[in-house]
Amino acid sequence: MVRSFIQVEPDSHFPIQNLPYGVFRPLKGGLPRIGVAIGKYVLDLSVLDTAGCFDQIAVSGKNIFSQPSLNALMSFSRPVWKELRATIRRLLDAEVPTLRDNEELRSTAIYFQNEVEMLLPAEIGDYTDFYASKDHATNVGIMFRGKENALMPNWLHLPVGYHGRASSVVISGSDVRRPQGQMKPPDSAAPIFGSSRQLDFELEMGCLIGTGNKQGVPVSVEEAEDYIFGLVLVNDWSARDIQSWEYQPLGPFLAKNFATSISPWVVPLEALELFRVPAPKQDPEPLPYLRQNSPGSFNIQLEVNLQSESMKRPARISASNFSNLYWTMAQQIAHHTIGGCNLRPGDLLASGTISGPEKESRGSMLELTWRGSDPLQLDNGDERVWLEDGDCLTITGWCQGDGFRVGFGEVTGRVLPAILN
């Protein structure tokens, strides 16, 4: 097992086996630049590039790492990404002296993570949210349509999705303001206006598109993963009462467009290869353009923690797994582009809520409390049906290896009261 000369604890999300990319700004001052997480530290790639560490790679000399986003790096191809990652891995290897023995270079290239501010990793031009968990879709369908009509007729034949709002994607740690809109309570003859009373989270993951495709040229399911730069954690905040009134016939609008939170570190697919697993068996068999013969999922453990203003520490309220998704990322990309849609570097494709078969693996308050009929009991005795003002919601995820973890850090957000008109 490869070790780094930088000490990394076994439960750290960022060992040398991971090396996720992010955009940061030193707290002491300076412009945003691109870094890699290693243990408790951030490795400044702009410094290494200036020092000539990447001279043999296509990214060299193009000012790629002094950018306020990963988009320029994302626009390269997978072979370039792999070569860059391999080079960074060698530089951090305990047996390689290049960086290990260069004290001057280390002093300028390595920061503690608490010495930097993490920024949105990409300039997100477009955002698509899928509905790829069968357990989630079934649960929601039962609540609103009954067991006999839980899944809509198209659900088992294609990855259902909708286009979200890219401008309101925010970095982890950003506060989320409770939205306002129209709602129609069951006992009301007409809609009312006000702040959402049914604010929810959604446990999701997302992939950031790297190399784009030309308009009119679909991406095959076999090649789709070559277009993925990496994965992030996603919390797609939802206002259920606004959504239930507005969503017919065109789907979510105000209920989803106020905020979507993502984690700062982008984990490359190469870091996840050890944890690749088959997706659930698909019945009926998809149409040919969606058939994926190779294992298309990953064993990523996911947890959701909630901390109210009166709680001293957060409490886990959900534990799921990325492998619960029925439709894979490759299938989502193949379907997204089959009509000729052109994906571009920085586009975010989210999975939709990731729920499992057990109650504790449900990925939203809507499911955990079964639309409010079964309140959630918190550790301090409080109850929750929906999220309340002051609640802090944190999602984390990792793959467990033999003596190491490949993790995603966390995505967190605190609910603020609505600004009343």
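Residues numbered from 1 in each chain as written. Predicted model: local features only at pLDDT ≥ 70, side-chain atom pairs only at ≥ 80, totals over all residues. Heavy atoms only, no water.

- An unreviewed UniProt entry lists the protein under the name fumarylacetoacetase, with Paenibacillus germinis given as the organism.
- According to UniProt, the comment filed for the protein under the heading Pathway (unreviewed entry) is "Amino-acid degradation; L-phenylalanine degradation; acetoacetate and fumarate from L-phenylalanine: step 6/6." (UniProt positions renumbered as here; feature names shortened; annotations may be inferred.)

## Side note on helix α6 (residues 134-145)
So, point 1. When the terminal C-alpha atoms of α6 are compared, their 15 Å separation across 12 residues agrees well with the 16 Å that a helix rising 1.5 Å per residue should span.
So, point 2. Here α6 has its buried residues at H136, A137, N139, V140, G141 and M143.
So, point 3. Count one or two residues on from α6 and you reach G146, which has phi positive near 90 degrees. (Helix = DSSP H or I, 4+ residues; strand = E, 2+ residues; numbered from the N terminus. Expected span 1.5 Å × (residues − 1). Buried < 20%, exposed > 50% of the residue type's maximum accessible area, 1.4 Å probe, protein only.)

## Structural notes on the packing of aromatic side chains
So, point 1. Summed over all chains, the structure comprises 10 aromatic pairs.
So, point 2. Ring geometry for Y326 and W327: centres 5.4 Å apart, planes at 75 degrees, overall edge-to-face.
So, point 3. Judged by its relative accessible area of 3%, Y326 is buried.
So, point 4. W327 sits in the buried class, given a relative accessible area of 0%. (Phe/Tyr/Trp six-rings, centres within 6.5 Å; stacked < 30°, edge-to-face > 60°.)

## Structural notes on the environment of N213
So, point 1. Within the secondary structure layout, N213 lies in the loop between β13 (203-209) and β14 (228-235).
So, point 2. The buried category is assigned to N213, whose relative accessible area is 10%.
So, point 3. C-alpha separation for the pair N213 and N154, spaced 59 residues apart in sequence, amounts to 26 Å.
So, point 4. In contact with N213, not counting residues within four places along its chain, are V219, Y227, T337, C341, N342 and L343.
So, point 5. Reaching out from N213, the side chain makes a polar contact with the backbone oxygen of V217 at a distance of 3.0 Å. (Contact = heavy atoms within 4.5 Å. Polar contact = N/O pair within 3.5 Å; in protein donor to acceptor, adjacent residues only side chain to side chain.)

## What to know about the pattern of salt bridges
Any two side chains of opposite charge can pair, so long as their charged atoms come close to each other.
So, point 1. What the rule picks out here adds up to 20 salt bridges.
So, point 2. For the salt bridge of E202 with R240, the shortest nitrogen-to-oxygen distance reads 3.0 Å. Here R240 lies in helix α7 (residues 240-246) and E202 lies in the loop between β12 (199-200) and β13, a separation of 38 residues in the sequence. As far as the burial class goes, E202 and R240 line up, both buried. (Salt bridge = Lys/Arg side-chain N within 4 Å of Asp/Glu carboxyl O.)

## Some points on the pairing of β14
Working note: regular strand, side chains alternate between the two faces of the sheet.
So, point 1. β14 sits mainly inside the fold: eight of its eight residues count as buried.
So, point 2. Note: β13 against β14, seven bridges, orientation antiparallel. Looking at the pairing, C207 lines up with L231 of β14.
So, point 3. The pairing of β14 with strand β16 (residues 260-262) spans two bridges and is classified as antiparallel. Its bridge partner being in β16, V234 is matched across the sheet by I262. (Pairing = 2+ DSSP bridges.)

## Observations regarding the sheet that holds β14
So, point 1. With mixed pairing, seven strands are arranged side by side in an open sheet as β7-β6-β21-β13-β14-β16-β8. Both edges of this open sheet fall to β7 (161-163) and β8 (169-171), since each of them pairs with a single strand only. Here the average twist between neighbouring strands, direction ignored, is 30 degrees.
So, point 2. Alignment of strand β6 (residues 127-130) against β7, held across three bridges, turns out to be antiparallel. Across the sheet, residue F130 finds its bridge partner in β7, namely G161. (Axes fitted to C-alpha atoms, helices over the stretch in contact; angles between N-to-C directions.)

## Observations regarding the UniProt feature "domain: Fumarylacetoacetase-like C-terminal" (unreviewed entry) in the protein
So, point 1. The residues that UniProt annotates with the feature "domain: Fumarylacetoacetase-like C-terminal" (unreviewed entry) are residues 128-415.
So, point 2. Secondary structure across residues 128-415 divides into 11% helix and 30% strand, with the first and last C-alpha atoms of the span separated by 23 Å.

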